[in-house]
Amino acid sequence: MNILAIESSCDETGCAVVNDGTVILSNTVASSVELHQKYGGIYPEIAARRQSEVIIPVIDETLKKWGEKKDKIDSIAVTLGPGLIGSLLVGVEAAKTLAYVLNKPIIPVNHVTAHLYSNWIDGKNPSFPAIALIVSGGHTQLLLMNSHSDIILLGETIDDAAGEALDKSARLIGLPYPGGPHIEKESRDGDSKAFQFPLGMIHSGDYNFSFSGLKTAVLRETKKLKTISVKSKKDIAASVQEAVVSILVTKTIKAVIQYKPKSLLIAGGVAANSRLRNKFDEEIRNFNLEFFAPKLSLCSDNAAFIGSYAFFHNKPVNLFTLSAQANLDFSY
Ligand code: KG4
Ligand code: ZN
């Protein structure tokens, strides 16, 4: 089954053709991140305007790279939400138009849960039950997957997402947006024990997360320092990264102990972080389970994981009733 998928929930505009949820036949992503850097975060109107310009070229390029006729498409998948409403509208309306013109079913997709399906691409097939951690710029969720259709939310952030905490901390020490990759880079020769940042809710007894205390603590330290030397920048970055990684790994391993899964999956932009991947690699040696992390190019937003999710959750809807939902929640 060939699914043409469209993703436009944040600043990226993506289109992919995915076969049977596991093989990428064609994949294109256009990012407008460079337009937002001077604002220190995504500027929603600029993102949506750029997406309305690039959506058709991105779809065209994806079809051209695939090289097949449009009648080889079986279904259209699209990110319904959550995300920026102007951005989502561009993708949803483009997908509806394609589904109408090609007379194909349309499958709406929850962007956050879909991140996990980057772990099913390239023929990978994680066994159930699985514990799954989604860590992106907007979301932090810990899930128990008993099957594709039985997914339970164990916990989520009560304030900032993990990526958001990294981005905000990075900004406080003068690193560009998005801060996560720069925090990772600076950390390489920083001392992760130089600053003791708070490990929000690490022992809260549930599976929720809190990262907002971290940026406040970073702000306090930067004020104390007045000017930030090259060394203290590296030390703060390493200490922030270590705090985020410790919280994520501790809570996830707690769920592994409780639920005894066969697989552990991570996904989302922050899953690209090598300290996080390495720490999970070390920790899972104590357990009898397989660890899955997407290849780096599939961690950040793209349409391939949207197409994969749609294959495993193939529930087409009436395209005339479909509209973008900025606040789409986990239960969708
Ligand atoms: O999944 P994603 O591309 O977009 C959302 O759906 O939010 O995640 C973006 C987030 C940003 O906060 C970015 O700083 C973070 O992922 N990120 C990283 C790394 N690469 C991206 N965080 C830590 N280390 C990285 N290497
Ligand atoms: Zn995302």
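Residues numbered from 1 in each chain as written. Chains lettered and ligands numbered in written order. Predicted model: local features only at pLDDT ≥ 70, side-chain atom pairs only at ≥ 80, totals over all residues. Heavy atoms only, no water.

Asker: Got a minute to help me understand the packing of aromatic side chains in this structure?
Answerer: Aromatic ring pairs are defined here through the distance separating the ring centres and the angle between the ring planes. Taken as a whole, this structure holds 12 aromatic pairs when the rule is applied. Aromatic ring contacts, followed pair by pair, group Tyr-117, Trp-120, Phe-128, Tyr-309, Phe-311 and Phe-312 into a single cluster. The cationic tip of Lys-251 hangs over the ring face of Phe-209; the distance from NZ or CZ to the ring centre is 6.0 Å. Above the plane of the ring of Tyr-207 lies Lys-254, whose end atom (NZ or CZ) is 4.6 Å from the centre. (Phe/Tyr/Trp six-rings, centres within 6.5 Å; stacked < 30°, edge-to-face > 60°. Lys NZ or Arg CZ within 6 Å of the ring centre and 35° of its normal.)

Asker: Would you mind going over the sheet that holds strand E10 (residues 290–292) with me for this structure?
Answerer: Strand pairing in a sheet is mediated by backbone hydrogen bonds. Such pairs are either parallel or antiparallel. Judged by pairing direction, the sheet is mixed, and its five strands sit side by side in the order E8-E7-E6-E9-E10 without closing on themselves. Every interior strand has two partners, whereas the edge strands, strand E8 (151–156) and E10, have only one. Neighbouring strand axes in the sheet, compared pairwise and without regard to direction, differ in orientation by 20° on average. Bridge analysis of strand E6 (residues 130–135) against strand E9 (residues 263–267) gives five bridges, and the strand direction is parallel. Considered in E9, the bridge of Ile-134 is made with Ala-267. Sitting on the sheet, helix H8 (residues 230–259) touches E6, strand E7 (140–145), E8 and E9, and the angle it makes with E6 is about 160°. (Pairing = 2+ DSSP bridges. Helix = DSSP H or I, 4+ residues; strand = E, 2+ residues; numbered from the N terminus. Axes fitted to C-alpha atoms, helices over the stretch in contact; angles between N-to-C directions. Contact = heavy atoms within 4.5 Å.)

Asker: Help me understand the coordination of the zinc ion (ligand 2) in this model?
Answerer: Working reference: metal with six octahedral donors, ideal angles 90 or 180 degrees; metal with four tetrahedral donors, ideal angle 109.5 degrees. Only His-111 (NE2), His-115 (NE2) and Asp-301 (OD) from the protein reach the zinc ion (ligand 2) as donors, at distances of 2.0 to 2.1 Å. Considering all four donor atoms around the zinc ion (ligand 2), the spread of angles at the metal, 94 to 133°, places the coordination shape in the tetrahedral class. Using a relative accessible area of 14% as the deciding quantity, one classes Asp-301 as buried. (Donors = N, O, S within 2.8 Å, 3.2 Å for Na, K, Ca; no water. Tetrahedral: all angles 85-135°; square planar, octahedral: opposite > 155°, others 65-115°. Buried < 20%, exposed > 50% of the residue type's maximum accessible area, 1.4 Å probe, protein only.)

Asker: How should I be thinking about the site of ligand 1 in this particular structure?
Answerer: Close to ligand 1 lie 21 residues, the nearest being Gly-137, Asp-167, Gly-180, Glu-184 and Gly-269. At the level of elements, helix H5 (162–172) and helix H6 (179–187) are the ones that each hand at least two residues to the shell around ligand 1. A per-element tally of the shell around ligand 1 places H6 first, with four residues. Residues belonging to the shell around ligand 1 are distributed by class as follows: six nonpolar, 12 polar and three charged. (Near = heavy atom within 4 Å. Nonpolar A, V, L, I, M, F, W, Y, C, P; charged D, E, K, R; others polar.)

Asker: Can you help me understand the side chain of Asn-273 in this one?
Answerer: Here Asn-273 shows up in the loop between E9 and helix H9 (274–283). If sequence neighbours within four positions are ignored, Asn-273 has contacts with Glu-184, Gln-241 and Val-245.

Asker: Just checking my understanding: could you explain helix H10 (residues 304–312) for this structure?
Answerer: Spacing of three or four residues puts side chains on the same side of an α-helix, whose turn is 3.6 residues. Most of H10 sits inside the fold, with seven of its nine residues counted as buried. Listed as buried for H10 are Ala-304, Phe-305, Ile-306, Gly-307, Ser-308, Tyr-309 and Ala-310.

Asker: I tried to follow the state of the cysteines on my own but got confused; where do I start?
Answerer: Cysteine pairs can be covalently joined through their sulfur atoms, and such a bond is termed a disulfide. For the coordinates displayed, the defined rule picks out zero disulfides. Distance from the sulfur of Cys-299, which forms no disulfide, to the nearest cysteine sulfur (Cys-10) is 16 Å. (Disulfide = S-S within 2.5 Å.)

Asker: Teacher, can you tell me more about the side chain of Asn-302 here?
Answerer: Secondary-structure assignment places Asn-302 in the loop between E10 and H10. At a separation of 3.4 Å, a polar atom in the side chain of Asn-302 contacts the main-chain carbonyl oxygen of Leu-298. Within polar-contact distance, the side chain of Asn-302 engages the backbone oxygen of Ser-300 at 2.8 Å. (Polar contact = N/O pair within 3.5 Å; in protein donor to acceptor, adjacent residues only side chain to side chain.)

Asker: What am I meant to see in a nonpolar patch on the surface here?
Answerer: On the surface, a nonpolar cluster with roughly 400 Å² of combined accessible area is contributed by Tyr-100, Val-101 and Phe-320. Among the secondary structure elements, Phe-320 is positioned in the segment after H10. Take Phe-320: its relative accessible area is 63%, and that puts it in the exposed class. (Patch = residues over 30% accessible without salt bridge, like charges linked within 9 Å, V, L, I, M, F, W, Y side chains within 5 Å. Areas by Shrake-Rupley, 256 points an atom, 1.4 Å probe, with all protein chains shown as cover. Salt bridge = Lys/Arg side-chain N within 4 Å of Asp/Glu carboxyl O.)

Asker: How should the packing of H6 against H8 be read in this particular structure?
Answerer: For any two helices packed against each other, one specifies the inter-axial angle together with the distance between the axes. The N-to-C vectors of H6 and H8 enclose an angle of 115°; their axes lie 8 Å apart at closest approach. When the interaxial angle is binned, H6 and H8 end up roughly perpendicular. Here H6 runs over H8; the crossing is left-handed. Here Ile-183, Glu-184, Glu-186 and Ser-187 of H6 come into contact with H8, specifically with Lys-233, Lys-234, Ala-237, Ala-238 and Gln-241. Looking at the contact of H6 with H8 residue by residue, the classes come out as three nonpolar, two polar and four charged. (Parallel < 35°, antiparallel > 145°, perpendicular 65-115°, else oblique. Left-handed = near helix turned anticlockwise from the far one by under 90°.)

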